[in-house]
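The primary structure of each chain is shown beneath.
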Amino acid sequence: MIKPDAVGAGNTGAIIKMIEEAGFRIIAMKKMHLTRERAGQFYAIHKERPFFNDLCTYMSSGPIVPMILEKENAVESFRKLIGATDPQKAEPGTIRNLFAKSIEANAIHGSDSDANAEIESNFFFSKLEQF
Ligand code: GTP
Ligand code: MG
């Protein structure tokens, strides 16, 4: 998911280009604006964290671009492409190193397991859109 800071800064195209050049196939993609409530549902795993409220405000502050991506070893490979959560710790050349503004407004989300990738795909896309 390309997050509101990166979409708002006009970096959607540059980020999609990096994703495709890294060998990911885009299976589904759209642009949408999460409500605060839906943002909270997406990041429900973090609801006890001190930054949860700010995270929901940020994630509903503008449009996002969710995608379903396909590649061999996709989860690990994508997290390598996006870099560390904190852009100051992200490797040079990673998406967060190039485009993130802060540890919160960090340009992009990547699923952290195959199981969560499926849950998150179903959060954003109906089966009809996926096939
Ligand atoms: P995602 O791919 O978005 O899930 O990021 P991640 O897996 O690298 O990090 P994590 O799941 O731990 O955190 C989810 C999101 O919460 C991050 O991407 C940030 O947008 C935000 N976040 C994480 N840690 C902090 C923090 O310490 N402060 C603030 N303000 N936001 C944070
Ligand atoms: Mg995460």
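Preceding block: the structure.
Remember, predicted model here, so these are calculated numbers, not experimental data.

Cut-offs applied
- Here the residue numbering is sequential within each chain, running from 1 through the sequence in written order.
- To label them, take the chains in the order written and letter them from A, then take the ligands in the order written and number them from 1.
- In keeping with the model being predicted, local features are shown solely for residues with a pLDDT of at least 70 and side-chain atom pairs are shown and tallied solely at 80 or more, while totals for entire chains, interfaces and linings include all residues.
- Side-chain calculation: all heavy atoms of the structure are included, whereas hydrogens and water are not.
- Only DSSP runs of H or I covering at least 4 residues are called helices, and only runs of E covering at least 2 are called strands; the numbering of each starts at the N terminus.
- As a reference, a globule follows 2.2 Å times the number of residues to the power 0.38, and the radius of gyration itself is taken over C-alpha atoms.
- Think of it in three bands: residues with accessible area under 20% of the maximum for their type are buried, residues over 50% are exposed, and the middle band is partly exposed, with areas taken using a 1.4 Å probe on protein chains only.
- Calculation of accessible area relied on Shrake-Rupley with a 1.4 Å probe; when residues are assessed, cover is drawn exclusively from the protein chains displayed.
- Charge assignment in this entry is limited to Lys and Arg as positive and Asp and Glu as negative, and neither His nor the chain termini are counted.
- Taken as the charge centre is NZ of Lys, CZ of Arg, CG of Asp or CD of Glu, depending on the residue.
- The criterion for a residue being near a molecule or strand is simple. One of its heavy atoms has to lie within 4 Å of it.
- Definition of a polar contact: a pair of N or O atoms within 3.5 Å, with one able to donate and the other able to accept a hydrogen when the atoms are protein atoms, and with sequence-neighbouring residues admitted only if both atoms are side-chain atoms.
- Under the scheme applied here, ten amino acids are nonpolar (Ala, Val, Leu, Ile, Met, Phe, Trp, Tyr, Cys and Pro), four are charged (Asp, Glu, Lys and Arg), and all others, including Gly, are polar.
- Only buried residues count toward a nonpolar core. Its members are Ala, Val, Leu, Ile, Met, Phe, Trp, Tyr and Cys residues joined through side-chain atoms within 4.5 Å.
- Residue contacts follow a heavy-atom distance rule, with two residues in contact if any of their heavy atoms lie within 4.5 Å.

## Structural notes on the overall build of the chain
(1) Moving on: Scanning the chain for helices and strands turns up eight helices and two strands.
(2) Moving on: Ordered by position from the N terminus, the helices and strands of the chain form the series α-α-β-α-α-β-α-α-α-α.
(3) Moving on: The C-alpha radius of gyration computed for the chain amounts to 14 Å, which stays within 12% of the reference 14 Å derived for 131 residues, consistent with globular compactness.
(4) Moving on: In terms of principal-axis extent, the alpha carbons of the chain reach across some 35 × 35 × 25 Å.
(5) Moving on: Counting over 131 residues, the chain shows a buried share of 45%.
(6) Moving on: Element-wise, carbon and sulfur atoms account for 53% of the exposed surface of the chain, whose accessible area totals about 7400 Å².
(7) Moving on: Side-chain charges of the chain comprise 16 positive and 17 negative groups, with the mean position of each set lying 3 Å from the other.

## A word on unusual backbone geometry
(1) Moving on: One non-glycine residue with positive phi stands out, namely Asn-73, at about 55 degrees.
(2) Moving on: Within the fold, Asn-73 resides in the loop between strand S2 (67-70) and helix H5 (74-82).
(3) Moving on: In the Ramachandran plot, Ala-107 falls in the positive-phi region, its phi being about 75 degrees despite a non-glycine side chain.
(4) Moving on: Counting through the fold element by element, Ala-107 comes out in the loop between helix H6 (95-99) and helix H7 (114-124).

## A look at the site of ligand 1
(1) Moving on: Taken together, 13 residues surround ligand 1, and among them Lys-3, Tyr-43, Arg-79, Thr-85 and Glu-104 come closest.
(2) Moving on: Measuring from an oxygen atom of ligand 1, one finds a side-chain N or O atom of His-46 at 2.9 Å.
(3) Moving on: Within the side chain of Asn-106, a nitrogen or oxygen atom sits 2.8 Å from an oxygen atom of ligand 1.
(4) Moving on: Out of a free accessible area of 590 Å², ligand 1 has 80% covered by protein chains.
(5) Moving on: Its residues assigned to classes, the shell around ligand 1 shows four nonpolar, five polar and four charged.

## Thoughts on the nonpolar core
(1) Moving on: Core analysis: the biggest nonpolar cluster contains 18 residues, and Ile-2, Ile-15, Ile-19, Phe-78, Leu-81, Ile-95 and Ile-108 have the highest contact counts within it.
(2) Moving on: When contributions to this core are tallied by element, the ones reaching two or more residues are helix H1 (4-8), helix H2 (12-21), H5 and H6.
(3) Moving on: If one sorts the elements of this core by residue count, H2 sits on top with four residues.
(4) Moving on: Non-local contacts of Ile-108, meaning those with residues more than four positions away in its chain, are made with Met-1, Ile-2, Lys-3, Ile-15, Ile-19, Phe-78, Ile-82, Ile-95 and Arg-96.
(5) Moving on: One finds Phe-52, Cys-56, Tyr-58 and Ile-64 within the second-largest nonpolar core, a separate group that totals 17 residues.

It is worth stressing that arrangement in space is one thing and function is another; only the former is reported here.
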